[in-house]
Amino acid sequence: MRHKNAGRKFNRTPAHRKAMFRALLTNLFRHEKIETTDAKAKELRRLADKVITLGKAGGLHAIRSVASVVNDAEVARKIFTTIAKRFPDRLGGYTRVVKLGRRMGDGAAMSLVEIIGETKPGKKDKGKTPKGEKTPKAAAPKKPKEKPAPEKEPEKPAEPEKASEG
Amino acid sequence: MALPKRKKSRARRDNRRAHWKATAVTYVTCPNCMEPMLPHHACPSCGQYKGREVVHIEEE
């Protein structure tokens, strides 16, 4: 029976696996989106959710717990100051995995993992905007200064929207 | 130990292999650029998935 056997092992020792996921998590939070194999991407979701939940909790214990996972103090700070602030109303499911096809060389299925609500210029936000609107409404009384900023950026990349209509 | 009594004929070998078939890859048409793409994947030609750009692909 495979009861209580969640997770993947990736043919690695526990130490190797832990090191690999720490690196992946750090880079996911640093760049907001990373490409990796589909299996690693799917495993990364559960780990990233836990770190973001810690980021929402705040407090010294959470800070130290995050620092014990993330390899970079700057990125750990970002989790508390930026990333966790995006999800006041969302209980988990902070990441999105999109399949990208197969890698040249070994044919491994590749995926893009991203933190939801990321607003980088040059990226289209058509699909995200409806979701993004909900969050600021609820969060508006609390932090009106921070929320409008990520809302404005989606307006810039208007070109990809045209492309989708054509 | 059990051993084959005689060599399998070419016909038997080939008949057995007649059922080894490659299956066609399932694909769908990208709603944005109309190119064929794998279902549940970002489009490799325009980089879009579910109406948003997932990967940026340079135009020629």
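Computed from a prediction, not measured in an experiment: that's the story for all the values here.

Draft legend 1. Expanded view of the pairing of strand β2 (residues 95-102) of chain A. All names here are of chain A. Note that β2 and strand β3 (residues 109-115) share seven bridges and pair antiparallel. When the bridges of β3 are listed, V98 appears paired with L112. Once β2 ends, the chain turns through six residues before running back antiparallel as β3, passing G105 with a positive phi of about 105°.

Draft legend 2. Structural context of the packing of aromatic side chains. Residues and elements named next belong to chain A. Applying the stated rule across the entire model yields two aromatic pairs over all chains. Ring plane angle 65° and centroid distance 5.5 Å describe the contact between F10 and F21, whose orientation is recorded as edge-to-face. Of this pair, F10 sits in the segment before α1 (14-31) while F21 is found in helix α1, placing the two residues eleven residues apart along the sequence.

Draft legend 3. Molecular detail of a positive patch on the surface. Taken together, the side chains of K8(B), R12(B), R16(B) and R17(B) make up a positively charged region of the molecular surface. On the basis of relative accessible area, R12(B) is assigned to the exposed category, the value being 58%.

Draft legend 4. Here's a closer look at the packing of helix α2 (residues 38-57) of chain A against helix α3 (residues 60-67) of chain A. Residue and element names in this part refer to chain A. At their nearest, the axes of α2 and α3 sit 8 Å apart, and the two run at 155° to each other. Taken together, the axis directions place α2 and α3 in an arrangement best described as roughly antiparallel. The way α2 lies across α3 gives a crossing that is left-handed. Seen from α2, the contacting residues are V51, L54 and A57; seen from α3, they are A62, S65 and V66.

Draft legend 5. Examining the sheet that holds β2(A) more closely. Residues and elements named next belong to chain A. Strand order in this open sheet of three strands is β1-β3-β2, and the pairing throughout is antiparallel. Each of the sheet's edge strands pairs with one partner strand only, and the pair in question is β1 (33-37) and β2. Each strand axis lies, on average, 25° off the axis of its neighbour in the sheet, ignoring direction.

Draft legend 6. The arrangement of unusual backbone geometry in detail. The backbone phi angle of M34(B) is positive, close to 65°, even though this residue is not glycine. As for its position among the elements, M34(B) is in the loop between β1 (28-29) and β2 (36-37).

Draft legend 7. Here's a closer look at the pattern of salt bridges. Residue and element names in this part refer to chain A. Within the structure shown, the criterion is met by eleven salt bridges over all chains. Across the pair R30 and D72 runs a salt bridge whose closest N-O atoms are separated by 2.7 Å. Highlighted residues: R30 in helix α1 and D72 in the loop between α3 and α4 (73-83), separated in sequence by 42 residues. Between R46 and E43 there is a salt bridge; the shortest N-O distance is 3.6 Å. Of the two residues, R46 and E43 both sit in helix α2, three residues apart, roughly one turn of that helix.

How each quantity is defined
- Within any chain, residue numbers begin from 1 and follow the written order of that chain's sequence.
- To label them, take the chains in the order written and letter them from A, then take the ligands in the order written and number them from 1.
- The predicted nature of this model means local features are confined to residues of pLDDT at least 70 and side-chain atom pairs, given and counted, to a pLDDT of 80 or more, with totals for whole chains, interfaces and linings taken over all residues.
- The side-chain numbers reported here are obtained from all heavy atoms of the structure, hydrogens and water having been left aside.
- Any two strands with at least two DSSP bridges between them are considered paired.
- Every helix listed is a DSSP run of H or I at least four residues long, and every strand listed is a run of E at least two residues long, numbered separately from the N terminus.
- In this analysis, rings of Phe, Tyr and Trp, with Trp reduced to its six-membered ring, are considered paired at centre separations within 6.5 Å, and the interplanar angle assigns stacked below 30 degrees, edge-to-face beyond 60, and tilted for intermediate values.
- Exposure above 30% relative accessible area and the absence of a salt bridge qualify a residue for a patch, where like charges join within 9 Å and nonpolar side chains (Val, Leu, Ile, Met, Phe, Trp, Tyr) within 5 Å.
- Per-residue accessibility takes into account occlusion by the displayed protein chains alone, with areas from the Shrake-Rupley method and a 1.4 Å probe.
- Here a salt bridge means any side-chain nitrogen of Lys or Arg lying within 4 Å of a carboxyl oxygen belonging to Asp or Glu.
- Two residue types count as positive, namely Lys and Arg, and two as negative, namely Asp and Glu; His and chain ends fall outside the count.
- The atom standing in for a charge is NZ when the residue is Lys, CZ when it is Arg, CG when it is Asp and CD when it is Glu.
- Buried residues are those whose accessible area, probed at 1.4 Å on protein chains only, stays under 20% of the maximum for their type, while exposed residues exceed 50% and partly exposed ones sit between those limits.
- The convention used is that axes are lines fitted to C-alpha atoms, helices contributing only their stretch in contact, and that angles between N-to-C directions extend from 0 to 180 degrees.
- Roughly parallel covers angles under 35 degrees, roughly antiparallel covers those over 145, roughly perpendicular covers 65 to 115, and oblique covers all other angles.
- Whether a crossing is left-handed or right-handed is set by the direction in which the near helix is turned from the far one by less than a right angle, anticlockwise for left-handed and clockwise for right-handed.
- The contact definition used throughout considers only heavy atoms, calling two residues in contact when any of these lie within 4.5 Å.

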